[in-house]
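# Analysis of the macromolecular model
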Amino acid sequence: MFAAYLLREHKSRLCEILSSSDTTIHHSINILFVHLWEEEPSLAALLLHSPDEAIKKLNEHLQAVQDEIQVQLSELETNPGRLQLLIDNCNSFKGKIHLRVYDLHFCTELNRHEFPKCEESSYLQISGTVTRISAVKLLRYKRDYICLKCKASATITAAYETKYRIIAPRRCSNENCNSTQMKEVDENQPLYCRDYQEIKIQDLTRLGSGVVPHSMWVTLEDDLADICKPGDSVTVCGIVKRRWGPPVKGKRVEVTLALQAHHVTINNIPDFGIGPRARRTNFESFWRTRREDELRGRDVILRSFSPEIHGLYLVKLAVAVVLAGGIGGGGVSGSQTRVQPHLLLVGDPGTGKSQLLRQAAKVIPRSVCTTGIGSTSAGLTVTAIMEDGEWQLEAGALVLSDGGICCIDEFHTMREHDRTSIHEAMEQQSISVAKASIVCKLNTRCSILAAANPQGPLDGSQTLSCNIALASPLLSRFDLILTLKDTVDEVRDARVADFILRRYGPKPDTAVAKEIWSLDTLKDYYLEIRKRRPCLTPKVTPILNAYYQYRRKRKFRNEARTTVRLLDSLVRLSKAHAKLMYRDEVNIVDAVMAIALLEASVVLDSPDVGTMFDPQIEFPEDPTEWYKRVEGIIFDKLHLDITQFADSVDIHECTTRLDTVDFECSENIAENSARIENKPRLRNEQHVQDESECQSTQGIVDHFAGRNDNTFAGPPGVFVQADANEVECNTTRNANMNIFAPLDDFDDQDLEF
């Protein structure tokens, strides 16, 4: 029955393996455990209780299927020449073929996120991160011996429990001989050798305060060897076994648990997977009800970041955007641009920097937290360790956080040499290793969130590099650098004190607490949005281009912060904000908010930046109104016509309304002009006045379209007032004002509009 399943589902793969002429290559057929349970329940149950015996029977089924396929191919083929070719290829029996069973996620007892402690001979599925790998070597697990007296041969197979140590036989296996003179047969037998590698995986899900992460050795054999590298997130299905080394006189034998891998899955997806459908539906309904006021919905997410910290509106927005991540693009030559943005928080002690970093590490599942004083270049990147006479690579913090974030607190305490070692990891998102004759490249596709203290109080007269004593090449790799000052402000200090004391009061603010998302909800949301791939729209590109040129021409500019990397940062932050807003397209709101964050990051270097971009501003009561003001300031700085962008707030609606008014006025003017042509005694100077009034009306329309100043004084009887928040048009119709004055013999009729 199970052989029929293999022929039905995996026949093409088996035919491909059989057609191969190389018999020394190992091949694998992967099947789901649930399919094995449906097709052969007894064999699935045997795999859970006696995995070694079950795997042996699975391979026997593969051998039987090979014979069946050879018979079917010979019966179906009618071409004699092709039949002989198939027979020549298929007759070479493939003994190095393995049937691997994987995916035990539906069984919670077998799918482990915590490593086993005392279980033996159990078939389990374990997830972890590769922290150390050994070199791939050729392992000889069988050896032939011959008796020098009776010439009887014996084959010794090494046991996994003894770390494949072959013990020579002491006596001849022939009962009539019992000779002790056994000699090893020095013949090159490749069938007795296999590829072998050991890796060490670490359980990062147990990281926390006062908790040391568990680790476990995993052995990879045959085609599984060299399948992963340090920093990879893997899911291993295998058999838990005990191992011990050779006995040494005077030392205790150490027995350890190891996992003999049977199947390995690499999970190097930056978004960590896809959440349940019900969870995704909840987020879709959340945004569906808030699309009319989406900025207020976004602020609900921002308030959920470290709700115990008061204010820091733009700082929390920056953290939320960086955690969402950007979208990389490949060039013509195949090179990849940096995907993940980086954030540096520079501020006085007690401004909440470390708390924000810890909150970010809790939201993203794959994250590593470290401090500058306890980090070295090897600890951040990769180190080479000598163990059991061979060199092994052990991953550092940046490699372990591949696909997540790396939080570095007290960044200013790192040595200059150690800070320089992470330049490649930050920009190229990889680390080139050339240590102990090991040359490789490891991925570091992670966002770096760093916090540093300035050298004394922040001095606005000095550059950012002088305030924090960091080199310009390192600063240019951070997309955002936000400064937090502990200034004396009576109003703000009173609000902060009231906010903190209210938490300990008898009546907490339940209305605000209901809107705050829980930590689990934030985790689920970021699992969902990190897999989105928003694209730039045509109307966003001119805004980003204009801001890049504006920063390049700025009077007060930092040369290290206004390179081409600034344009890449604009694209990354715009896409990340679109992902935060649960969209698949980057619109003008995302570009404006990315520019606002970059403006907030140059507050110290540019004294011309207004208070609207202060990183420590409080949450606005009306985020849409605050956005309108920010949008107006940015568009004025960039000298852009806001009417060219459809999703500018309320401008399109005002322009449509004024176009209607202009059309009606034009019709009245045309009608009056026709009547005037029929009256030859109409005074020319009044006609000139009519044209002047028409130009004034066009001026009103141009003003509401954003082509004039904020306040426009129209003709008599018309008053217009507009600001960045709201555009209002109040037109007073004066019945006594005669725009076209007729002669004495003309009918007494007032023409007005």
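Rules and cut-offs
- Residues numbered from 1 in each chain as written.
- Predicted model: local features only at pLDDT ≥ 70, side-chain atom pairs only at ≥ 80, totals over all residues.
- Heavy atoms only, no water.
- Helix = DSSP H or I, 4+ residues; strand = E, 2+ residues; numbered from the N terminus.
- Buried < 20%, exposed > 50% of the residue type's maximum accessible area, 1.4 Å probe, protein only.
- Contact = heavy atoms within 4.5 Å.
- Areas by Shrake-Rupley, 256 points an atom, 1.4 Å probe, with all protein chains shown as cover.
- Pairing = 2+ DSSP bridges.
- Patch = residues over 30% accessible without salt bridge, like charges linked within 9 Å, V, L, I, M, F, W, Y side chains within 5 Å.
- Salt bridge = Lys/Arg side-chain N within 4 Å of Asp/Glu carboxyl O.
- pLDDT = per-residue confidence, 0-100.
- Polar contact = N/O pair within 3.5 Å; in protein donor to acceptor, adjacent residues only side chain to side chain.
- Axes fitted to C-alpha atoms, helices over the stretch in contact; angles between N-to-C directions.
- Phe/Tyr/Trp six-rings, centres within 6.5 Å; stacked < 30°, edge-to-face > 60°.
- Left-handed = near helix turned anticlockwise from the far one by under 90°.
- Nonpolar A, V, L, I, M, F, W, Y, C, P; charged D, E, K, R; others polar.
- Core = buried A, V, L, I, M, F, W, Y, C linked by side-chain atoms within 4.5 Å.

Let us look at the overall build of the protein chain. When you go through the protein chain residue by residue, the secondary structure sums to 25 helices and 26 strands. The buried share among the 753 residues of the protein chain stands at 48%. Intrachain contacts of the protein chain at a sequence separation of at least 6 include 72% that bridge at least 24 residues. Of the accessible surface of the protein chain, which amounts to about 37500 Å², a share of 50% is contributed by carbon and sulfur atoms.

The element strand β4 (residues 123–133) is extensively covered by neighbouring structure, given that 11 of its 11 residues are classed as buried. As judged from the 7 bridges shared by β4 and strand β11 (residues 233–244), these two strands associate in the antiparallel manner. Paired with G128 across the strands is V234, a residue of β11. As defined by bridge partners, β4 adjoins strand β9 (residues 193–202) across 4 bridges and the pair is classed as antiparallel. Along β9, the bridge assignment pairs V130 with I201. Note that β4 and strand β16 (residues 390–395) share 2 bridges and pair antiparallel. From the neighbouring strand, I133 faces β16, where its bridge partner is L393.

Judged by side-chain polarity, W244, V253 and V255 come together as a nonpolar surface patch covering roughly 240 Å² of accessible area. By the element assignment, V255 lies in strand β12 (residues 255–266).

Residues at a pLDDT of 70 or more form 74% of the protein chain, whose mean pLDDT is 75. Highest mean pLDDT in the protein chain belongs to helix α9 (residues 313–324) (92); lowest belongs to strand β25 (residues 718–722) (33). Note on residues 270–275: pLDDT is under 50 here. Beyond four places in sequence and across chains, it has 20 contacts. Segment residues 648–753: pLDDT under 50, and 113 contacts once partners within four positions in sequence are set aside and those in other chains are kept.

Tracing the sequence through the fold places R338 in the loop between α9 and β13 (343–347). Of the residues examined, R338 reaches a relative accessible area of 4% and is grouped as buried. A polar atom in the side chain of R338 sits 3.3 Å from the backbone oxygen of M426.

Attention shifts here to the sheet that holds strand β6 (residues 142–147). Strand order across the open sheet formed by 3 strands is β7-β6-β8, with antiparallel pairing between neighbours. Every other strand in the sheet has two partners, leaving β7 (153–157) and β8 (182–184) as the edge strands with one partner each. Strand after strand, the sheet turns through a mean of 35° between neighbouring axes, direction not considered. The sheet contact formed by β6 and β7 spans 5 bridges and is antiparallel.

This part is about the packing of aromatic side chains. Using the criterion set out here, one finds 15 aromatic pairs in the structure. A centroid spacing of 5.1 Å and a plane angle of 70° characterise the contact between F286 and W517, whose relative ring orientation is edge-to-face. Taken together, the residues span a long stretch of sequence, with F286 in helix α7 (residues 277–288) and W517 in the loop between α18 (510–515) and α19 (519–529) at a distance of 231 residues. A single burial state applies to F286 and to W517, both of which are buried. Consider the rings of F305 and Y526, whose centres lie 6.0 Å apart with planes at 85°: the pair is edge-to-face.

Below, the discussion takes up the packing of helix α20 (residues 541–552) against helix α23 (residues 623–638). Look at α20 against α23: their axes get within 10 Å of each other, and the N-to-C directions meet at 65°. Handedness of the crossing formed by α20 with α23: left-handed. Residue-level contacts link I543, A546, Y547 and Y550 of α20 to F635, K637 and L638 of α23. For the contact of α20 with α23, the residue count by class is 6 nonpolar, no polar and 1 charged.

This part takes up the pattern of salt bridges. Scanning the model with the defined rule gives 25 salt bridges in all. The residue E198 makes a salt bridge to R243 at a minimum N-O spacing of 3.0 Å. With E198 in strand β9 and R243 in strand β11, this residue pair connects regions lying 45 residues apart in the sequence. For the salt bridge of R338 with E427, the shortest nitrogen-to-oxygen distance reads 3.4 Å. Taken as a pair, R338 in the loop between α9 and β13 and E427 in helix α14 (residues 423–427) lie far apart in primary sequence, 89 residues in all. Both residues of the pair, R338 and E427, belong to the buried class. Overlapping salt bridges, with partners in common, bring together R338, E427, D479, R565 and R572 in one network.

Let us look at the nonpolar core. In terms of nonpolar packing, the biggest core is built from 82 residues, with L36, I201, L344, F411 and F478 touching the most fellow members. At 6 residues, helix α5 (residues 51–76) tops the list of elements feeding residues into this core. Once you skip the residues sitting within four places of it in the chain, F478 turns out to touch H342, L343, L344, F411, M426, I448, A450 and R561. Of all hydrophobic cores here, the second largest spans 78 residues; its members include F305, V363, A576 and A594.

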